[in-house]
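# Structural characterization, general
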Amino acid sequence: MNKSKEQLLNKRYKAEQRFRLYGLSAIFMALLFLTIFIFKIFSTGYSAFQKTWLIVPVTFDAELMMLEQNPSNEDLQDADYYDIALKSMADLDPNANEDQENELKRMVSYFFEKEIKNELLNNPGLIGKTKEVYLTASDDLDQVFKGNYPRDLPEDQRRVSDYQLKIFDQLVAKGKVESKFNISFFTYADSREPELAGIASSFMGSIFSILVCLMIAFPVAVLAAIYLEEFAPKNRFTDFIEVNINNLAAVPSIVFGLLGLGVLLAIFHLPRSTPLVGGITLSLMTLPTIIIAARASLKAVPPSIREAALAMGASRMQTTMHHTVPLSMPGTLSGTIIGLAQALGETAPLILIGMVAFVNTIPGSPMDPAASLPVQIYIWAESAERGFVEKVSACIMVLLGFLIIMNLFAQIIRHKFEKKWS
Amino acid sequence: MNSILFTFIVLLGFTSYYFGRKKAYTIQSTKKRLTALPQFYGYYLAIWCAIPAFIIFSLWAIFEPTIVKLLVLSDYSNQGYLDDELNLIYEKTKSLSRGQFTGEITPFIEASAEKYLSLRSIAQSSKAVIVLSIIIASVAYAYKRISSNSRTREPVEKFLNAVLFTASLAAILTTIGIVFSLIFQTIDFFKVIPLFDFVFGTHWYPAKAFVRDSSEALDPSMYSDTFGAVPIFAGTFFIAFIAMCVAIPIGLMSGIYLAEYASSKVRQYAKPLIEILAGIPTVVYGFFAALTVGPFLKELGTSMGLEVSAESALAAGGVMGIMIIPFISSLSDDVITSVPQSLRDGSYAMGATKSETIKRVIFPAALPGIVGSILLGVSRAIGETMIVVMASGLAANLTLNPLESTSTITAQIVVILIGDQAFGDPKTQAAFALGMSLFLVTLCLNIVALRVVKKYREKYE
C-alpha cells in the first residue's frame with residue numbers, strides 16, 4: 001500500500017517533469033528555427049556585399065576612339081569606346097582566335113565600355129597612354145571567385161568555359177583580380193545581369209510607398225480612433241464600425257491587392273505599377289492596425305486628466321485635442337511604426353497591382369513605376385541565375401535591417417515617452 | 001496649375017485665420033465680451049475658406065473628365081461608331097495631346113486632340129475663377145458673422161466632429177470597397193461558369209481558358225472542366241492543416257511554458273525572440289522554404305527511397321507553421337495568464353502538481369480563448385500567399401500526399417493576375433471569384449474567433 005503510493009507519486013512527478021520538458025523543447029524548437037533561418041540568410045547573403053573586379057590594362061588609343069587632337073569634353077563623351085574596350089579584353093590572351101576573343105569579352109559585364117569611358121572622363125590626360133582599369137567581372141566568374149560555383153562540373157554543364165577559367169586563373173595568379181565592397185548593389189537599379197543588379201530602384205519604391213501609406217493611414221486612423229474612443233455614442237452603428245475594424249485587421253493581404261486592382265486601377269485609372277497605388281493599398285491594410293493601437297493608448301489615459309480639463313471649463317473638443325491626444329501620442333506613434341513595418345514587408349498586394357514589372361530606372365516620384373524591397377526579393381528568387389541567390393539573401397538582410405530599426409524605434413518611443421499611470 | 005492654385009488657397013486659409021483672430025482682438029479692445037477664444041474666430045474663417053474649395057475641387061475631379069469626353073466625342077456622335085470604338089478614339093486623342101502617341105495620326109484625331117487641349121485649359125481656368133470667387137464670397141460672409149460677434153466655437157467644434165466621424169467611416173468604406181471590387185467580377189464569372197461546376201468540379205486548368213478573340217469568349221463549352229475549384233480548396237486546407245500540425249503543438253506548449261513555468265528573466269528574453277518570427281516578412285519565409293527546406297526534404301526523401309517533389313506541400317506547410325507559431329504562442333500565453341489565480345490556488349491546495357493543474361484546470365478554463373487563437377492562426381494560414389507562391393506548386397493537383405505538390409487559392413490568384421490582365425476575361429474573373437471565396441472563408445473564421453475570444457474575456461473580467 002505504502003509502496004504503491006510512493007510509486008504513484010513518483011509517476012506523477014515524472015509526468016510533471018516530462019510536461020515541463022515538452023514546454024522547454026517547444027520554446028527551444030521555435031528559437032532553433034529562428035537561428036537556422038538567420039544563419040542561412042547570412043551565410044548565403046554576406047558574399048553579395050563583395051564584388052569581383054578584373055584589373056585589365058587599357059590603352060586609350062586616340063585613333064581607335066575616333067578622337068582628334070585636343071578633344072573637348074563633348075568629344076570625349078561621344079567618342080567610341082567599344083573598340084578599345086574589346087581590344088583590351090582581347091589583349092589578355094595574344095594568341096586568342098575569334099571565338100576565344102568573344103569568350104574573353106564575356107568575362108566582364110556589359111558595362112565594361114561605360115567603366116572605361118568613366119575612367120577617361122575622370123582623367124582626360126590618359127589619351128595615348130595605358131592604364132589598368134577596374135572592370136566588373138561577369139557574375140559567373142564572380143561566383144567562381146567567391147567559391148560558390150562548382151568548378152569540377154563537366155564543361156558543358158557550366159556557364160564558364162575552360163578557356164575562361166584558364167585566363168581567369170592566370171589573372172588571379174598575377175593578382176589582377178580583386179574583391180571590393182559592392183557599392184553598386186546599393187546604387188544601381190535592377191538588372192537582368194546579377195553582377196549589375198542593385199536595390200536602389202526597389203529601395204526608393206519602398207520608401208515612396210511607405211511615405212504614401214503614412215500620409216494617408218496615419219491622419220485617418222488617428223482621427224477615427226479619437227472619434228471612436230472619445231466622442232462616439234454607444235450604439236449599433238459604432239459597434240458595426242468596431243466589428244469592421246477588427247475584421248479588416250485579419251483579412252488576408254492579397255484581398256487588399258484585389259481591392260487595389262479592382263478599384264484603384266480598374267475604376268479610378270491610377271497609374272499601374274506605381275508606389276502611389278501601392279501606398280494607398282498598403283494604407284488601407286495598415287489602417288486597422290493603427291486605429292487599434294491609437295484607441296488602446298487613448299484608453300490608457302486616465303479619466304482624471306479629462307475630468308480636470310473639463311472642470312477648468314474646457315470643452316470636450318479642447319479636452320481631447322489639448323490633453324488626451326498629446327498624452328496618447330507615444331503609444332499611437334509606436335503602433336504606427338509597427339504598422340508601417342508590416343506594410344514594408346508586404347508583397348502579395350503589390351504584386352497584384354503590378355509592382356513586379358521589371359524596372360531598370362530609379363524612380364524619382366511616387367508616380368513612376370517601381371518595385372519594392374520584398375517584391376525585389378520575389379523577382380530575384382524566381383530568376384534562374386546563380387548570382388541572384390546571394391543577392392536575394394543580401395536584399396533580405398537589408399529589409400530585415402530596416403524592420404529591426406523600425407521596431408527598435410517603436411520600442412524606444414514607447415519606453416522613453418510614454419507616461420506610466422499608476 | 002493645380003498646385004499653384006492649391007498653394008494659393010492654403011495661403012488664403014492661413015491669412016483668413018490670421019484676420020479672424022485679429023478681428024477677435026479688435027472686438028475685445030472695444031470692451032465687448034468675446035463668445036469664444038480668439039483662435040476660434042480664426043479657425044471659423046479658415047474653415048469657411050477650406051470647405052468651398054474642397055467641394056469645388058472634388059466636383060471638378062468627378063465631372064471634368066466626363067464632360068470633356070462628351071464634348072470631344074460629340075464630333076463623332078452621328079457617324080455610327082460603337083462605344084468601344086469611341087473609347088479607343090478618345091484614348092488616342094488623349095495620348096496624342098500628351099505627345100506620347102505612336103500610331104498613325106489622322107487629321108480627325110489631331111483636330112480632336114486640339115479640341116481636347118483647349119477644353120482642358122478652359123476647364124482649368126474656369127475652375128480657378130470659380131474657386132477664388134466663391135472662396136472670397138464665403139470668407140466675406142463669415143467675416144461679417146464674426147464682426148457681429150456671433151458664436152464661433154460651436155460651429156468649429158461641430159465641423160471637427162464631422163471630420164472625426166468621416167474618418168471613422170474609413171473602415172466601413174474599405175470593407176465596402178473590398179466587397180464591391182470582388183462582387184461584380186465574381187457575378188460575371190458565374191454568368192459564364194455555373195456555380196455548381198466551380199464548387200464541385202475537380203479540374204482546374206485556367207491556362208486552357210486563353211481567349212484568342214472575343215467570339216471564342218462567348219462559347220461556354222470551351223470552359224467546361226476548366227474552372228473546377230475542388231483541387232484548389234483541398235490544397236488550401238491541406239497546406240493549412242500541415243501548418244497547424246507544426247504550429248499548434250509548438251505554439252501551444254511554448255505559450256503554456258512561458259505563462260506557467262518560465263522565470264521572469266526567461267520570459268523577458270524568450271517572448272520577444274519568438275515574436276521576431278511573426279515580424280519576418282512572408283516573402284522571406286517563401287525564399288527560405290523554396291531554397292532550403294524544399295531541396296532538403298527532397299534529398300532526405302531520396303535517401304529514404306521516397307519520391308519527394310521539390311515543391312512539396314510539406315515544405316510550404318511546414319514553413320508556414322513556423323510562421324504561425326508566435327501567433328498561437330502569444331495569444332495562448334495571454335489567455336492563460338488571464339485565468340484567475342484562485343483557480344490555480346484551489347488546485348494546488350488539493351495537492352495537484354503544476355502540470356496536473358495546467359492540464360485539468362487551467363487548460364479547460366482557457367480552452368475557448370485557445371480555440372479562438374487557433375482559429376485566427378488557421379485564417380492566417382489560409383490567407384498566406386508568398387510562401388505558397390514561392391514554395392508550393394502552381395499546378396492544381398488533387399492529392400492528399402504531403403510529398404507531392406499542390407496549389408492554393410492565394411497562389412492561383414497570384415498566378416492568374418501577375419502580369420497584364422484583361423478585365424472581362426473569365427480567367428481574370430476566376431481570380432476574383434477565388435478572392436471572394438477566400439474573403440468569405442476568412443471572414444467567417446475571424447468573426448467566430450473574435451466572438452469566442454471576446455466572450456472568454458468577458459467571463460473573467
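Residues numbered from 1 in each chain as written. Chains lettered and ligands numbered in written order. Predicted model: local features only at pLDDT ≥ 70, side-chain atom pairs only at ≥ 80, totals over all residues.

## Structural notes on the overall build of chain B
A count of helices and strands for chain B gives 17 helices and zero strands. Against the compact-globule benchmark of 23 Å for 461 residues, chain B has a radius of gyration of 32 Å, which places it well outside the compact range. Overall, chain B is about 85 × 75 × 35 Å in size when its C-alpha atoms are taken along their principal axes. Here chain B, with 461 residues, has 40% of them falling under the buried criterion. A fraction of 76% describes how many contacts in chain B between residues 6 or more apart in sequence connect residues 24 or more apart. (Helix = DSSP H or I, 4+ residues; strand = E, 2+ residues; numbered from the N terminus. Rg over C-alpha atoms; globule rule 2.2 N^0.38 Å. Buried ≥ 20, exposed ≤ 12 C-beta atoms within 10 Å, placed from the backbone. Contact = placed C-beta atoms within 7 Å.)

## Details of the overall build of chain A
Across its full length, chain A carries 17 helices and three strands. Taking 2.2 N^0.38 as the reference for a compact globule, 422 residues should give roughly 22 Å; the C-alpha atoms of chain A span a radius of gyration of 30 Å, well beyond that estimate. A principal-axis box enclosing the C-alpha atoms of chain A has dimensions of 90 × 75 × 40 Å. Looking at chain A residue by residue over its 422 residues, the buried ones come to 44%. Within chain A, contacts between residues separated by at least 24 positions form 77% of all contacts whose residues are at least 6 apart in sequence.

## Here we look at the domain arrangement of chain A
Residues and elements named next belong to chain A. According to the domain assignment, chain A contains domain 1 (47–182) and domain 2 (200–417). With centres defined by C-alpha atoms, the gap from domain 1 to domain 2 works out at 46 Å. Contact with domain 1, which involves eight residues of that partner, is made by seven residues of domain 2. Split by residue class, the side of domain 1 that touches domain 2 holds three nonpolar, three polar and two charged. (Domains from an automatic or database assignment. Nonpolar A, V, L, I, M, F, W, Y, C, P; charged D, E, K, R; others polar.)

## Examining the packing of helix α12 (residues 275–299) of chain A against helix α14 (residues 316–344) of chain A
Residue and element names in this part refer to chain A. Where α12 contacts α14, the two axes come as close as 8 Å, and the packing angle between them is 150°. Crossing of α12 against α14: the hand is right-handed. In this structure, α12 contributes Leu282, Met285, Thr286, Thr289, Ile290, Ala293, Ala294, Ala296, Ser297 and Leu298 to the contact, and α14 contributes Thr324, Ser328, Gly331, Thr332, Gly335, Thr336, Gly339, Leu340, Gln342 and Ala343. In terms of residue class, the contact of α12 with α14 is built from nine nonpolar, eleven polar and no charged. (Axes fitted to C-alpha atoms, helices over the stretch in contact; angles between N-to-C directions. Left-handed = near helix turned anticlockwise from the far one by under 90°.)

## Describing the interface of chain A and chain B
Across the boundary between the two partners, chain A contributes 63 residues, which contact 68 residues of chain B. Of all the secondary-structure elements, those providing two or more residues to the side of chain A that touches chain B are α1 (2–45), α9 (200–231), α10 (236–248), α11 (253–265), α12, α15 (348–352), α16 (373–381) and α17 (387–417) of chain A. With 17 residues, the top contributor of residues to the side of chain A that touches chain B is α1 of chain A. Looking at the side of chain A that touches chain B, its residues break down into 49 nonpolar, ten polar and four charged.

## Brief notes about the nonpolar core
By size, the foremost hydrophobic cluster in this structure holds 182 residues, and its most contacted members are Ala221, Ala224 and Ile377 of chain A together with Ala289 and Val319 of chain B. Here this core takes 18 residues from α9 of chain A, the largest share from any one element. Those residues in contact with Ala289 of chain B, other than ones at most four positions away along the chain, are Gly294, Ala315, Ala316, Val319, Ile387, Met390 and Ala391 of chain B. By size, the runner-up hydrophobic cluster in this structure holds 25 residues, among which are Phe60, Val108, Leu141 and Val160 of chain A. (Core = buried A, V, L, I, M, F, W, Y, C linked by C-beta atoms within 7 Å.)

## Considering helix α2 (residues 38–73) of chain B
Compared with the 52 Å implied by 1.5 Å per residue over 36 residues, the 54 Å span of α2 of chain B between its first and last C-alpha is a close match. Roughly 40° is the biggest bend found in α2 of chain B, and it falls at Phe63 of chain B, with proline Pro65 of chain B one to four residues downstream. (Expected span 1.5 Å × (residues − 1). Bend = angle between axes of the 7 residues up to and from the residue.)

## Here we look at unusual backbone geometry
Residue and element names in this part refer to chain A. Backbone geometry places His269, a non-glycine residue, at a positive phi of 55°. For His269, the location among the structural elements is in the loop between α11 and α12. One non-glycine residue, Ser273, lies in the positive phi region at around 60°. With respect to the helices, strands and loops of the structure, Ser273 is situated in the loop between α11 and α12. Looking at Ser273, the number of C-beta atoms within 10 Å reads 22, which means it is buried.

## Notes on the sheet that holds strand β3 (residues 177–181) of chain A
Residue and element names in this part refer to chain A. Reading across the sheet, the three strands line up as β2-β1-β3 and stay open at both edges, with antiparallel pairing between neighbours. Both edges of this open sheet fall to β2 (130–136) and β3, since each of them pairs with a single strand only. The mean angle between the axes of side-by-side strands here comes to 40°, regardless of whether they run parallel or antiparallel. Looking at chain direction, strand β1 (residues 50–59) and β3 are connected through five bridges and run antiparallel. From the neighbouring strand, Gln50 faces β3, where its bridge partner is Phe181. Strands β1 and β3 of the sheet are contacted by helix α6 (residues 139–146), whose axis makes an angle of about 120° with β1. (Pairing = 2+ DSSP bridges.)

## Details of the environment of Tyr43 of chain B
Residues and elements named next belong to chain B. Checked against the element boundaries, Tyr43 lands in helix α2. By C-beta crowding, Tyr43 is classed as buried, having 22 other C-beta atoms within 10 Å. Ignoring sequence-local partners within four residues, the contact set of Tyr43 consists of Tyr17 and Val156.

## Comments concerning the environment of Phe388 of chain A
Secondary-structure assignment places Phe388 of chain A in helix α17. Taking C-alpha positions, Phe388 of chain A is 10.0 Å from Gly45 of chain A, a pair spaced 343 residues apart along the chain.

## Considering the domain arrangement of chain B
What the domain assignment reports for chain B is domain 1 (2–168) and domain 2 (230–459). For domain 1 of chain B versus domain 2 of chain B, the separation of C-alpha centres amounts to 50 Å.

## Quick notes on the pairing of β1 of chain A
Bridging between β1 of chain A and β2 of chain A involves seven bridges; their strand directions are antiparallel. Note that in β2 of chain A the partner of Leu54 of chain A across the bridge is Leu135 of chain A.

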